[in-house]
Each structure stands twice: as C-alpha cells, then as structure tokens.
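Spelled out from the first residue to the last, the chains are:
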Amino acid sequence: MNSPAELEQFRKGILLKRDPDKPGITLCCGSACLASGSGEVMASLEEEIERQGLSDAVDIRQTGCHGCCERGPIIVIRPEEICYLQIEPKDVPEIVLQTLGEKEIVERLLYVDPSTNARIVHESQIPFYKNQQRHVFGSNGSIDPKSIDDYLAIGGYSALTKALSAMTAHQVLEEIKKSNLRGRGGGGFPAGRKWEGSRNAPGEVKHVIVNADEGDPGAYKDRSLLEGNPHSVLEGLIIGAYAIGAHEGYVYVRQEYPLAVENVGIAIKQAEEYGLLGGNILGSGFDFSVTVHQGAGAFVSGESTALMTALEGRAGEPRPKYVRSNIRGLSNRPSVLNNVETWANVPLIINEGADWFTQFGTEGSKGTKIFSLVGNITNTGLVEVPMGITLRDIIYKIGGGIPAGKRFKAVQTGGPSGGCIPEELLDLKVDFDELTKAGSMMGSGGMIVMDEDTCMVDVARYFLDFLIDESCGKCVPCREGVRQMLEILTDITKGEGTEGDIELLEELSAVARDASLCALGATAPNPILSTLRYFRDEYEAHIEEKRCPALVCKELITYHIDPVKCQACMICLRKCPAEAIIGGKNMLHAIDQEKCTKCGTCFEVCPPRFGAVQKLSGEFLPPPVPEDARIIVRRSKEQ
Amino acid sequence: MTKVLLQIDGREVTAREGMTVLQAAQSAGIPIPTLCHHERLEPYGGCRICVVEVEIRDWTRLVASCVYPVEQDLAVTTRSEKIDRTRKVVLELLLARAPDSVALLDLAKEYGADSGRFRKQASFCIHCGLCVRYCAEVKKKNAVGFIGRGATREISFIPEIASKECWDCKECFPLCPTSALQAAYVLTEALSSSSPSFRRTPEG
C-alpha cells in the first residue's frame, strides 16, 4: 500500500467482509493455555464445528493470552462474549451444540464467583477482568496474532498513518514527551527524553530496539504481548523510529520464547508485504526495516548495554562506559531501547493523545501497567491496571486473594532485583516512585505473592541464588559480593548464621549497590535489603534462636507426631520414603529423627481430622513415649 | 584537543577531552589504585578498586575512574571514608579468591583489608582480564578467554590457538597479578600434550 488513504480503503474492505453479528469463537492459545491443553481443544473445536455443519456459520479464532491463566484454556464466544473456563476437549461438543447451535449457555463451564456462588456469563463481568483497565493488553483476546487483517480490523496501524501523514517527527516526539510515558522495562526512564536524546545526538545512522529479553522468574507479560499482539509493538516501534530518525530496528527476543519469535517474525513479514515496513512507508518517504535477533537467554542481556553488546555479536556483558546508549549505543550509534510494553503504548498515545493518556495513573507515573501476578494467589495471570491502584486491589479484587485460607505475608515486585513488600503496606499505591520508596521497584512488572508459609530469609536466598548464575561475572562487587552474600544467607537458613552476619550482609549490599558496573549488581542486594527492612526479626530468629518462624528451612525444623492426636492409622508410616516412622497397627507412631530426611510427606498425608504430625522449629522435641505406653486400645474393641 | 579543567582532591588539574579521570589523576601525580587497568588496553571497569567520588549537580556518586570521562569543572575525590570502605571490601572479596597475591596483599595493608573476612574459595584468578584483553587487543590472537558466567566464570586457554601461538609469546604471564594464568596455561599444555600441534619447543 502506497498511501494512508489506500490503507484506510483496505481497512474498510476488511470490515465490510466481516459481519459483527456472526458467531465467533475465540480460544486462548497463549503459552500458558497451550500448556494447559488448548492445542487439543482447538483440534476438537475444528472437528466438531465441521461435524455439526457449522463451518460457514462460525468463525474460529486462535488468540494470544487473555490473562486469566489460572483458569485456562479459555473460550470466549462472540458477539455475546460468553466466557467458558478450563475447557477440555470433552466439553467441546456440548459448547458447539448448545451455545453455537442452540444459543444456550453451558452453565457448568462459567466462572463461579467464590463469594456469592453466582455464575458469571460475560468475560468483562468476571471480577478478574472487571477491575482491570486493559488498554494495551485488551486486544490480545480478540485478534489472531498471525493475522494482520485482524489487527487492521481493530484500527491497527491507524496511529502510524496519523503520525506519518498528519504529524511531523518533532510533533510525535513532543506528544510522547507530553504523555510522560516511562519505560516499562525496569528503571522507568521517561521514553520521550530518551528519544529526544537520540534524535538530537550526532550521527546519520540511528537504531531503535525492542527489549523482549524478559527473564525474571515468574514474569511473562512481554512474552504474552509479543505473542498475542505483535503488530501493536511493531507499530509503536515504527512510530518511534520516525520520531527519532532511525531506519533500522531490532527485536531482541529470547529464543526460549518460540511463539513470540514466530509471531513477531510473521508480523514483520506481513507488515512488509502491506508496505508498512520497508522503503517509503505508505508513500511518506520514510524508510524503516526490522530484524529479529534471538537472544541466548541471559538475564543480564536485558540490561540495555549488555543487550546491545549481544546484538553486536559479542558476549552479553554490560558496558562500563558512562555514556548513555541513546547517545552512543549499538555499534556506537544513537540507539533507543525500550521494553515491549513501552512500545505497545505508543500507538495508543498517538491515536488518543497525550491528554487522554495522562488522565490515567499518578502524578509521576501515567497510564496503565501490566503485571504478571503469580505465586500464592487465587487468580494467577496477567493483569493491566492504572498506575496508582493499591496492592490490595490487585491482590484481592483482581487476584482473588490468597488460596487455601492462608494469610498474606508479602509481595515481591520487580523480579530478582526488586524487593518484598509486607502486609502493612498493602495500601501502597503502585507506581514507579512508590515502589522504589518502599525499597522495591517496578522492574518488568513481576508480582510474586507469598503467603504465611514463606520464609523471607529463604526468599532472599532464592533470588541471590538466581542472580549468582545470571551475573555476567565481570565486576567484583557483583560476582564476588553476590557469592559471599549467598554463602551467608545459606548459612543462616541452615542454622549456621552467626552474630554479625546481618551487618556483614548490609556492608556487602552497600558495596554492591554503590560500586557495581551495571544495574544487575547494583540492585542485586534488594531482596536482602527489603527483607531485612521489613522482616529483620526472621533473620534474628534464624541466627539467634536457630528457629525458622515460617517452618520452611529444612535444617531448622523437626517433624513430630503428637501422641495425643495420633490414631495409629498407618498412613504416614506406609508413605514415609525413608522408613523413618516406627509404630504399627494400634501402636502410636513416632519419627526416628536419625532416619528422617524432613521431606514432609508425613505432614502432608496425615488426615486433617487428626492433624497429628507437627512441624517444630526452635522448640525442644517432647520426650518419646515409652514403648509400652504406645499401645492404644480402641474404644470399639473395648466394647 | 580541547582542554578540560577539573578538580581532583581540591587541586586544579588540566586534562584533554576524551581522557578518563584515572588518566587525568595519573598525569597530575595523584595515585589511584588499579588492578584491571593497563595503559595499552581498553579501559575495562571490572575490578572497581579505582572507584572515586564525583560530584554531579550537588549529588555525590561513586564511579570507576578508569572509565569515567573527564568533564569541565568536575569535582573528584580520590580518598574518602566511603571510597576506602569500598576498596577495602573489594580487596577482601578478592583475597578470598587469591589469598597470596602480592598485589592484593600490598593494597590490603593500605586499606586495612582483612584477608580472612570472607569464606575462601581459592581460584587464584581475580578476573582482571589482563591476559584475555592483552591477547585480544595487543597480540590479536584470542588464545585465552573467559568461559562461563557469574561466580563460575574462569579463564581458559583455547588449545587450538594456544598450541600454535603461545609457546614463544607468553607476554601475558607477567601481567597476571596471581599465579592463576600460568596454572591455566600449564593445564592446557598438559591436556594438549598428546596433540602433535602443541609445540613445546621451537621447530628446528
């Protein structure tokens, strides 16, 4: 296509061919739903629709991630927007017959509100979705990511036509600056200022780069966005390139994200075919091309200078230079690197305007933010909320609270370099600055919810253990400092902590924070510093009393069978893999502590009505019951 | 070259644009300790022993002087409580790896570093990268490189290249602040001794 008018004409053509009232069935085929079996569901859907002769009457669409991953695979039937959850292939004939054929709702597949027991028909009315504001992520559920026509049908690339035909590059830049869009990948640097720096930097050749190297444990929002709506990211990238004056772009995506690699590759090809990428885009005279680069999956390569070094074909190590990469980045040329989600916000801002964008969010953080809500949470999934929403609303209203009646303990935000936020800060308004003030950070939007059964020292140890493998190993404070911090934390969780360990951790943290080469090392102590700030008593209990208050650290707990509660039911005795339980039928069970491996099987299998197996920490083990007193005479036998 | 005027420890120092703070300090005779720095090699910024404090917009920040570029009117401090404490911890961390390195022990005396403070895991290599970078940048042979990542990273000779290039060079040996490099070489030599291409003596 050679002009904006031609694109609009083409868009009209697509819409004319589409009947908005025609029944359509969308199935989530994001990575999480695929793992729960949506591939099989798709196969039976196609087969069943054909078998019931509905092939021409119904559109089937495989979409990207809808967000409510906990209850996948998800089916939404349009135009009514009927939402069915946790679909298995065996449910498909009924859905096709009842809902597509007879227009009846299959009640048993609907969402059931746990508080009211009411069944909810429409996707948007499910509390998980109802309390979100899905500007960026919303289209994921309605388009086929492999179809550029689907994207055009929802108004895709209209921001690009607007930018190219009605705005100068300077105006685009000013609009982004005015929106105060901050980078969604970690630091929250204002995107407009970054762009401006590159635009004004000397040099003919400039680059724009999509950072899709999301590597935090539990985070997958960039992945899902790139998988589910790759054109929105591309459109943002092209607009950014136009504003900056770049003609070459890169998508740096980890090769462990095969579907994202595939879909963005298809999207680029389609955009090229449609004249939205390549030379003289839509007749504007602006040239721009994009290359996909697959990263080898190194957490440190998400750091901007390390990513650029990797793009240059060298080992992904951060650069020691104190020069911003938007001035001298990839191949020493001005390079703007933004996160997937940041780029996907750009078309919205250009289409709707900066004033529209800034009505959402807080003073310093505008717009919405996508979070990967995982851990001990009822509704695991991806949520998009306005900046400034409280943690409590995210965790309880959207996330559905903590499962199994457990109590909330902390939420870890910002990935391995973020921090843990305790219960007393649940009303914290989530934005870049508030999270930093609380000793954590926005990071790439990971939110790991932890319940009362979580040991905070162990959590800090877990993240440092992650980081020690992911550090590039170049600078001393990170490579050696993190190693020593991990050693100290491991000692503490083993009950081998000594007085002075906390102070030593703090000293090492300060050196890593102040003297590391890149942000990975500088933020590596955050898991320690934030848990020390809010859960210092847990560290002290481990060190001084050799007690793990959450009953997690293996070396500090003992399993014990309460002789008063034990019914000699033989269950734990049979299941114990170490044969560490002595006793027998009518003989109270007891644990041979010498043999016990603390695997916790007895604790898990003891019937809750008995609750005889206990975990103890920091307490003396009650003396064993003498052999002859362990025989129990059952009441039924007595009679 | 444009001249840049900056202050180091309260002294006016004239430098050329493009110089690093370390170079400016050295030219003025102000000592800053280094471990991974070598004047023939690209600045590396790895050991962080050369940290100094710079004042930017009334905000003091710790930076590696070997990579930080000079700026007009920049105020640099090369010794302070914070700098010394950082250098001390860096030395202590390295001493856990290479407890007998003379270069480290000399500095440890000056900064009061305690070599027994952290759990030892002697690998002898302190990852200054002098050998790797010298071989790549000056000799352009790449016979020795880093392998691995994070705490398990180490230096290693690449037998195929080392067997052809190293026997009459060994210019990296005196650069090494510990004995790790020679050990790595001997190891490679031993592992490759069965290979005919590993020439131990000049071919005559």
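Before going into details, it helps to say that this report is about the structure given with it. Just so it is clear, the structure is predicted and the values come from calculations on it, not from any experiment. (Residues numbered from 1 in each chain as written. Chains lettered and ligands numbered in written order. Predicted model: local features only at pLDDT ≥ 70, side-chain atom pairs only at ≥ 80, totals over all residues. Heavy atoms only, no water.)

## Considerations on the overall build of chain B
For step 1, the next point in the chain: When helices and strands are tallied, chain B shows 6 helices and 7 strands.
For step 2, the next point in the chain: In sequence order, the secondary structure elements of chain B are arranged as β-β-α-β-β-β-α-α-α-β-β-α-α.
For step 3, the next point in the chain: Summarising its shape, the C-alpha atoms of chain B cover approximately 60 × 45 × 25 Å along the three principal directions.
For step 4, the next point in the chain: The burial tally for chain B puts 50% of its 204 residues in the buried class.
For step 5, the next point in the chain: Carbon together with sulfur atoms contributes 50% to the accessible area of chain B, which is approximately 10200 Å² in total.
For step 6, the next point in the chain: Averaged over its 27 positive side-chain charges, chain B has a centre that lies 4 Å from the centre of its 25 negative ones. (Helix = DSSP H or I, 4+ residues; strand = E, 2+ residues; numbered from the N terminus. Buried < 20%, exposed > 50% of the residue type's maximum accessible area, 1.4 Å probe, protein only. Areas by Shrake-Rupley, 256 points an atom, 1.4 Å probe, with all protein chains shown as cover. Lys, Arg positive; Asp, Glu negative; His and termini not counted. Charge placed at Lys NZ, Arg CZ, Asp CG, Glu CD.)

## Describing the nonpolar core
For step 1, the next point in the chain: Of all hydrophobic cores here, the largest spans 117 residues; its most connected members are Tyr 157, Trp 195 and Phe 288 of chain A.
For step 2, the next point in the chain: Residue contributions to this core peak at 9 residues, all from helix H11 (residues 230-244) of chain A.
For step 3, the next point in the chain: With 68 residues, the next largest nonpolar core counts Leu 489 and Val 511 of chain A together with Leu 41 and Leu 104 of chain B among its residues. (Core = buried A, V, L, I, M, F, W, Y, C linked by side-chain atoms within 4.5 Å.)

## Thoughts on the layout of surface pockets
For step 1, the next point in the chain: Taken as a whole, the second largest pocket spans an internal volume of roughly 1100 Å³.
For step 2, the next point in the chain: Those elements that provide at least two residues to the lining of the second largest pocket are helix H13 (304-311) of chain A together with helix H4 (130-138) and strand E6 (144-147) of chain B.
For step 3, the next point in the chain: It is H4 of chain B that provides the largest number of residues to the lining of the second largest pocket, a total of 4 residues.
For step 4, the next point in the chain: Here the residues of the lining of the second largest pocket sort into 16 nonpolar, 12 polar and 12 charged. (1 Å grid on protein atoms, 1.4 Å probe; cavity = no way out; pocket = protein on both sides within 12 Å on 5 of 7 lines; lining within 4 Å. Points joined across faces, edges and corners; volume = space filled by probe spheres on them. Nonpolar A, V, L, I, M, F, W, Y, C, P; charged D, E, K, R; others polar.)

## Overview of helix H10 (residues 221-228) of chain A
For step 1, the next point in the chain: Counting buried residues in H10 of chain A gives 7 out of 8 residues, a clear majority hidden from the surface.
For step 2, the next point in the chain: For H10 of chain A, the complete set of buried residues consists of Lys 221, Asp 222, Ser 224, Leu 225, Leu 226, Glu 227 and Gly 228 of chain A.

## Focus: the pairing of strand E8 (residues 248-254) of chain A
Residues and elements named next belong to chain A.
For step 1, the next point in the chain: A large share of E8 lies buried, amounting to 6 of its 7 residues.
For step 2, the next point in the chain: Across 6 bridges, the pairing between strand E7 (residues 207-212) and E8 is parallel. Pairing of Ala 212 across the sheet is with Val 253, part of E8.
For step 3, the next point in the chain: Where E8 and strand E9 (residues 289-295) come together, 7 bridges link them in parallel fashion. Bridge pairing in E9 places Tyr 252 opposite His 293.
For step 4, the next point in the chain: Handedness of the E8-helix H12 (residues 258-273)-E9 crossover: right-handed. (Pairing = 2+ DSSP bridges. Right-handed = clockwise from strand over helix to strand, strands pointing away.)

## Side note on empty space enclosed by the protein
For step 1, the next point in the chain: With the rule as written, the count across this model stands at 5 cavities of 30 Å³ or more.
For step 2, the next point in the chain: Approximately 110 Å³ is the volume found for the largest cavity.
For step 3, the next point in the chain: If you trace the largest cavity, you find 14 residues lining it, with Cys 135, Cys 166, Cys 169, Lys 170 and Cys 172 of chain B closest to the centre.
For step 4, the next point in the chain: Here the residues of the lining of the largest cavity sort into 10 nonpolar, no polar and 4 charged.
For step 5, the next point in the chain: Estimated volume of the second largest cavity: approximately 90 Å³.
For step 6, the next point in the chain: Surrounding the second largest cavity, 14 residues form its lining, Cys 576, Cys 596, Cys 599, Gly 600 and Cys 602 of chain A being those nearest its centre.
For step 7, the next point in the chain: Here the lining of the second largest cavity is built from residues that sort into 10 nonpolar, 3 polar and 1 charged.

## Here's the deal with the pattern of salt bridges
All names here are of chain A.
For step 1, the next point in the chain: Following the criterion strictly, the structure yields 52 salt bridges over all chains and no others.
For step 2, the next point in the chain: The partner of Arg 11 in a salt bridge is Glu 8, and the shortest N-O contact between them spans 3.1 Å. Separated by 3 residues within a single helix, Arg 11 and Glu 8 lie in helix H1 (residues 4-17), roughly one turn from each other.
For step 3, the next point in the chain: Glu 256 is paired through a salt bridge with Arg 254; the nearest N and O atoms lie 3.6 Å apart.
For step 4, the next point in the chain: On the basis of relative accessible area, Glu 256 is assigned to the partly exposed category, the value being 35%.
For step 5, the next point in the chain: By relative accessible area, which is 9% here, Arg 254 ends up buried. (Salt bridge = Lys/Arg side-chain N within 4 Å of Asp/Glu carboxyl O.)

## Structural notes on the side chain of Lys 409 of chain A
All names here are of chain A.
For step 1, the next point in the chain: Relative to the helices and strands, Lys 409 resides in strand E13 (residues 408-413).
For step 2, the next point in the chain: Given the relative accessible area of 14%, Lys 409 is considered buried.
For step 3, the next point in the chain: One polar contact links the side chain of Lys 409 to the main-chain carbonyl oxygen of Thr 454, over a distance of 2.6 Å. (Polar contact = N/O pair within 3.5 Å; in protein donor to acceptor, adjacent residues only side chain to side chain.)

## Brief notes about the state of the cysteines
Residue and element names in this part refer to chain A.
For step 1, the next point in the chain: Within the structure shown, the criterion is met by 0 disulfides over all chains.
For step 2, the next point in the chain: The cysteine Cys 33 is free of any disulfide, with Cys 28 supplying the nearest cysteine sulfur at 3.4 Å.
For step 3, the next point in the chain: Unpaired in terms of disulfides, Cys 69 finds its nearest cysteine sulfur in Cys 65, a separation of 3.8 Å. (Disulfide = S-S within 2.5 Å.)

## Focus: the interface of chain A and chain B
For step 1, the next point in the chain: Taken together, the 31 residues of chain A in the interface contact 34 residues of chain B.
For step 2, the next point in the chain: Counting each side, the surface lost to burial between chain A and chain B is near 2900 Å², with a carbon and sulfur contribution of 55%.
For step 3, the next point in the chain: In terms of surface lost to chain B, no three residues of chain A exceed Tyr 322, Val 476 and Arg 483 of chain A, which account for 23% of the buried area on that side.
For step 4, the next point in the chain: As a salt-bridge pair, Lys 82 of chain B and Asp 514 of chain A come within 3.7 Å of each other at their nearest N and O atoms.
For step 5, the next point in the chain: For the interface between chain A and chain B, the tally reads 19 residue pairs in polar contact (both at pLDDT 80 or more).
For step 6, the next point in the chain: Those elements that provide at least two residues to the side of chain A that touches chain B are helix H18 (456-470), helix H19 (476-493) and helix H20 (501-515) of chain A.
For step 7, the next point in the chain: Among the elements that make up the side of chain A that touches chain B, the one with the highest residue count is H19 of chain A (9 residues).
For step 8, the next point in the chain: Considered class by class, the residues forming the side of chain A that touches chain B number 13 nonpolar, 6 polar and 12 charged. (Contact = heavy atoms within 4.5 Å. Buried area = accessible area lost by both parts, 1.4 Å probe.)

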